Each structure stands twice: as C-alpha cells, then as structure tokens.
Amino acid sequence: MTTKQAADRIDALRSLASGERVHGYWVPSKDEHLGEFIPPWAERRRWISGFTGSAGDLIVTSNKAWLFTDGRYRIQALEQVRKHGITVHSSGRDPSLTQTVTELARRRRGFRLGFDPFTLPASTAESVSDALRKAGGALVGVEPNLVDTLWGDRPSAPDTPLRMVPPILSGRSCSEKLASLRAELGELGADAWVTVKLDEIAWLTNLRAHDDIPYSTAFIAFLYVGPRDAHLFPCGGPRRVPASALPEGVHVHDYHEFRGFLSGLREMRIALDSEGVPAGVLDRLRHAETKLVIARSPVEKEKALKNPAECEAMREANLRASVAKTRALLWLRGCVAAGKVTTEAEFAKTADAFYAEQRDYHGLSFATIVASGTNSALPHYGAVDDTPIEPGTLFLVDSGAHIGGGTTDATRTIAIGPVDDKARRIYTRVLQAHIRLAQQHFPEGTPGTALDTVARSVLWRDRLDYEHGTGHGVGAGLNVHEGPFTLAEGARKPSAIYPLREGMVTSVEPGYYEEGWGGVRLENLYIIFRDDDSGWLTLECLTWIPFDRTLIDRELLSRDEIAWLEEYQEACVTRLAPWIDDRERSRLSDWIVG
C-alpha cells in the first residue's frame, strides 16, 4: 500500500465518521467471529492501514490515527504504518487503546467513538464504554461497518462444500457433543447457547472447510443450540453442508438470517461468553428480552481436553509434519554445504511443498515464518522475500500444517555456517529454558503463569527475556492457537491463570530477540498427561525435529539437561528414519552427531 492510498482511505473514513456524528472510529483486527485468522473479505484494518500483523486495532480521529499492537509486532508495525502518519503504540511500552481514547474524551467534552458492534467482543466494548463514560465520552455502535462502505473491490465470501470429519479422528459424534453441551447448559441454568466462534462450531458439528479462512479448517458460520434443536447459519447457506452430515434436529439456514433470528428469540435463558461474542449479539439478545447467563464457553473448555482419538491424530500429524520440516532443513544444510545461496522465499516454498506431500494434508496452520540474520529479531516476521540466507547468521523457521485430524506448530533456529560465541550462548540458554519446562512435573490445576516462569527464569539469570508467551493451546485439526489457557505472564495474558488439565495440547516456545542482531526461538508441541506413578501432570512430546548441535554449548548444560537432549536427538533419528531417504538419513546423522 502506498502512503497516498492509506491517506485517501483514512480521509474517506473520517468523512463517513463525521456523517455518523462520531469524533473517532475504531477498526479492530477482529471480524464478526472474533478469530485469529481473518478471511480476505473481512480484513478491514489491513485494507485501510496496510498493517499485516494478526494483532492490532486502529483508531482514527479527525486529525490523527493510532495503531495499537503488542510486542510481537512492534517493529513490523513501525515499518509498515509509521510512514502513513499512523502512530504505533505497543502494549507495555505505550499508553493502551483505552487510556488513549479516555484521554481524548477528557480533552473533548462529549467525545463519541464509533465502532461496528459486530466486530468487537462484548466484554471489550463494555470495558471501553465504561471508561469513556466516566471521562465524559461515549462508545457508539455504527451499522453498517464504515470500512465496508468504502471497500469497493471487497473479495467475495466462500461457498465451497464442507467436508465431514470421520469418527476415527473426531472420537465423538455431533449428537454426543450436543448432548454434553446441553447437560453443561443445564448446570448453568440456561436453556440455550449462542456462539460465533468458528473453531467451536467446527468442533461441535464435525465439519471442516477447505478455504473459508486462511490457515484454518473451520468454516464461517453462526450457531444456536436450544434445548431440543439447533440452528446453523453457514456462510453460503445450506447447499454447503453434505447430506446426512448433521443429526436430526440441526437446522441449516442462510448466514445473513442470523441477526434476525436472534431478534426473534423470546423468554429464553441463553448462555454466552461475553469475551467470545460480539457486542452486537449481546445487544440483540437484550432487546429480545431474553435472560442472559454470562459464562465461559463450555465448548472451549471441552474442546481443549483432547479425547484419545484426537490425541492419536495429533501424534500422527506432528510426526509427519516433523518429517516435512526436517527434510526442508536438511535441504537447506545441503545448499549451504554446496556453497549455494538460497533465499527466505525459496526455503518457504520448499518447506511448504514438503508439508503438501503428506497424506491428508489440509493446508498450512499459519503463514510460514522464515527469518534469516537480523530479520529473526522479529518474532512474527512476515515479509518472506528474496533476502539471501547468508553464512555466519542465524536462521529461524516457524511453521505448521493441518494433517489428518491434527494441527502442528514448531520453530527451529539453526546456524548457517560458523557463528560467534554470543549466538551459541543465547541459543543454549533458550534451549535450557525449553528443556527445563519439558522436564517439569506439576499438579493438576497449575496455572499457565507458573510454567511460563519455569522457562523464563532460566533466561532471567543472564538478564534475557522475550515479549511473548511461552506457550499456547493447539486444536486437533482446528486452530493453531486455542484457548482457554496460555503459558504466559499474567499481566500479559489473563488466560494464563486458567488451570491446566490432562489432555490439553500446548506449545513450549521460549526465545530471545535483539534488534539489529537477530533472534532464537525453539518450539515443540506437547500433550499434558498424567504420570501414573505420581498422579502429577507432565508433558509428552509431539514434535521430532533435531536441535542444532553446532549451536549448543554443552558446558552450559547440566547433566540432566544433556541426558534429556541426547535422548531427544536419538528419538528424532529413530522416528524420522523410516520416512526419509538414505541421503537424508546421512545428512541427519551428520547434523546430530557430527
């Protein structure tokens, strides 16, 4: 996007906002379903600002614009939008969005901030509305969405047929899941439940899409579950749902009928998660005079606890993804050994092709991150291009895929030729942090904050740290980032206080990043399982990609850490060997043993 395009779009938005008698307009990163990955036709903030990161909200007033993002995207945001005259605020460094708009309300009596109530979580809207009201301002719902009004060449919505997930992968039928949900609703004192969350809808219905949303197998829909029936509103309507895919009592409607359906509900006790539904849904239910039961989503909780079939699908998917990624890294090492210079884009294309060779491949689980040299200082670097992968640098690749009934996510950092002692020391410290957490036993109910500290404290000894969480939940053939828990600092992620339980799948991904130098991140996925001997919880590894021997300073490791590392590296060879050819096995042995 050019600076002129950004300026023209923002000026046009200002004009529309003025016509709606609001002094500012809020363009969130989210869409009507509040998910992480946004379909092209709903990427409103990206279209108007040029910022491509997954987290970041835009506020536009008559004379200024701000982008609010987090530490993962601060450098990227500065590069992409500061040239457009947009001020970047990073969480933990600068005033928050709420603080900023509240200050605007204090300075201008009667300040009105407009927003589309169907693109903001109800809990967020209520929090900001309260803050503005106390400062003399107001948060004002504006429909239709003002960005949509401006977006003349907006992409079309999807309409391809959905696919069914077989019982061998899902472990439970749609009928069983609905029965379990209704039992939970009874305990909450509710008759019905409403959700806009796409991974919850896909999990409940055992249906998946091919191309609704980038990097996700979920499909675009709304869902209402009543005491005896359910109503599904998929984008593209009933024709997308395979015959006999849903049990009796599940009725399928057109996507655009959902808002009217909500307005028609009367005298119902409806459960919903105020953090998981847009403010517009809450408003319509209140106007329909329903009784609202605000509760954390019972589906999110149940979906996070993988059943045996889902655990097995995750093991299989992650093994095959490990094969693909290891083959790509071996290919790169072969290029380096032969003196052939390749690029970030060439590696990404090669890695993605190895994933695509896997049976029952359903696409990448997020955009492959390939960052060499100083680019690796950006934790979620997205500008994969023709930057050469040069000797004497660190190379970071973070990638994953949907394979069979599982979802994968793994990060490795390797050396491209000889590197200095600083790189080896930092890599080893990050590896130690990973090992420390991988070895940890903990009682059921331990919050994610505790495990975050286990890993982070290793780096703190050298006054090192990282501005992202240590881990996140992962869905089974669904979203690569899944709630309700995270492994993070409590101040950074409220979900980090959620109690950990057996059956959850988490990433472990400590790192270190230094602008102008580079970065290191080492990520595996693990299933949380119960140790039969002690009853405590521990971690079962799902990822089998070797760590780079040339970057490890064994003198910094304890005997226990060395034992864990050697056992892991040997397990990688054993598990990968049947899936790779003789030349790759030779390269793998050379990489691990030397």
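About the cut-offs
Residues numbered from 1 in each chain as written. Predicted model: local features only at pLDDT ≥ 70, side-chain atom pairs only at ≥ 80, totals over all residues. Heavy atoms only, no water. 1 Å grid on protein atoms, 1.4 Å probe; cavity = no way out; pocket = protein on both sides within 12 Å on 5 of 7 lines; lining within 4 Å. Points joined across faces, edges and corners; volume = space filled by probe spheres on them. Nonpolar A, V, L, I, M, F, W, Y, C, P; charged D, E, K, R; others polar. Domains from an automatic or database assignment. Phe/Tyr/Trp six-rings, centres within 6.5 Å; stacked < 30°, edge-to-face > 60°. Helix = DSSP H or I, 4+ residues; strand = E, 2+ residues; numbered from the N terminus. Buried < 20%, exposed > 50% of the residue type's maximum accessible area, 1.4 Å probe, protein only. Lys NZ or Arg CZ within 6 Å of the ring centre and 35° of its normal. Axes fitted to C-alpha atoms, helices over the stretch in contact; angles between N-to-C directions. Parallel < 35°, antiparallel > 145°, perpendicular 65-115°, else oblique. Contact = heavy atoms within 4.5 Å. Disulfide = S-S within 2.5 Å. Buried area = accessible area lost by both parts, 1.4 Å probe. Salt bridge = Lys/Arg side-chain N within 4 Å of Asp/Glu carboxyl O.

Caption draft 1: Looking closely at empty space enclosed by the protein. Counted under the stated rule, the structure contains 3 cavities of 30 Å³ or more. Considering the residues around the largest cavity, the lining is formed by 18 residues, among which Val165, Arg208, Gly405, Ala476 and Gly477 are closest to the centre. Class assignment for the residues of the lining of the largest cavity results in 5 nonpolar, 9 polar and 4 charged. Each of domain 2 (163–299) and domain 3 (308–589) contributes no fewer than three residues to the lining of the largest cavity. Within this model, the second largest cavity holds a volume of roughly 60 Å³.

Caption draft 2: Fine view of the packing of aromatic side chains. Within this structure, the stated rule accounts for 15 aromatic pairs. Ring plane angle 20 degrees and centroid distance 4.8 Å describe the contact between Phe222 and Tyr255, whose orientation is recorded as stacked. A residue pair is termed long-range when its members are at least 10 positions apart, and Phe222 in strand E10 (residues 221–225) and Tyr255 in the loop between strand E12 (250–252) and helix H10 (258–263) qualify at 33 residues. Judged by centre distance (5.1 Å) and plane angle (40 degrees), the rings of Phe547 and Tyr568 are tilted. Taken as a pair, Phe547 in the loop between strand E27 (537–541) and helix H17 (559–576) and Tyr568 in helix H17 lie far apart in primary sequence, 21 residues in all. We note that Phe547, like Tyr568, is buried. In textbook terms, an aromatic cluster arises when at least three aromatic residues are bridged by ring pairs, as seen for Phe222, Tyr224, Phe233, Tyr255, Phe258 and Phe261. Lying over the aromatic face of Trp203, Lys177 brings its terminal NZ or CZ to 4.1 Å of the ring centre. Over the aromatic face of Trp544 sits the side chain of Arg575, whose NZ or CZ is 4.1 Å from the ring centroid.

Caption draft 3: Representation of the packing of helix H13 (residues 308–337) against helix H18 (residues 582–592) within the structure. Two elements in contact, H13 and H18, have axes whose closest approach is 10 Å; the angle formed by their N-to-C orientations is 80 degrees. By the angle between their axes, H13 is roughly perpendicular relative to H18. Side by side, H13 and H18 meet where Thr326, Arg327, Leu329, Leu330, Trp331, Arg333 and Gly334 of the first sit next to Glu584, Arg587, Leu588, Asp590 and Trp591 of the second. In the contact of H13 with H18, the residues fall into 5 nonpolar, 2 polar and 5 charged.

Caption draft 4: Region of interest: the packing of helix H15 (residues 421–438) against H17. Direction vectors running N to C along H15 and H17 enclose 85 degrees, while the axes themselves pass 10 Å from each other. As the angle between them shows, H15 and H17 are arranged roughly perpendicular. In this structure, H15 uses Leu431, Gln432, His434, Ile435, Arg436 and Ala438 to contact H17, whose residues at the interface are Glu561, Trp564 and Leu565. Its residues placed into classes, the contact of H15 with H17 shows 5 nonpolar, 2 polar and 2 charged.

Caption draft 5: The arrangement of unusual backbone geometry in detail. Here Glu143 and Pro144 are connected by a cis peptide whose omega angle stands at 0 degrees. With respect to the secondary-structure elements, Pro144 resides in the loop between strand E6 (138–141) and helix H6 (146–150). Within the chain, Leu34 stands out as a residue other than glycine whose phi angle is a positive 60 degrees. Tracing the sequence through the fold places Leu34 in the loop between strand E1 (24–27) and helix H2 (44–49). Although it is not a glycine, Tyr215 sits at a positive phi angle of roughly 70 degrees. Along the chain, the position of Tyr215 falls in the loop between strand E9 (207–208) and E10.

Caption draft 6: Spotlight on the state of the cysteines. Under the criterion given, the structure shown has 0 disulfides. Of all cysteine sulfurs in the structure, the one in Cys572 sits closest to Cys541, which takes part in no disulfide; the separation is 7.4 Å.

Caption draft 7: Just the domain arrangement of the protein, in detail. Domain annotation for the protein reports domain 1 (3–150), domain 2 (163–299) and domain 3 (308–589). Using only C-alpha atoms to locate each centre, domain 1 and domain 2 end up separated by 29 Å. Every contact between the two is made by 19 residues of domain 1 and, on the other side, 24 residues of domain 2. Both sides together, the interface formed by domain 1 and domain 2 hides about 1,600 Å², and carbon and sulfur atoms give 65% of it. Inspection of the domain 1/domain 2 interface yields 3 salt bridges.

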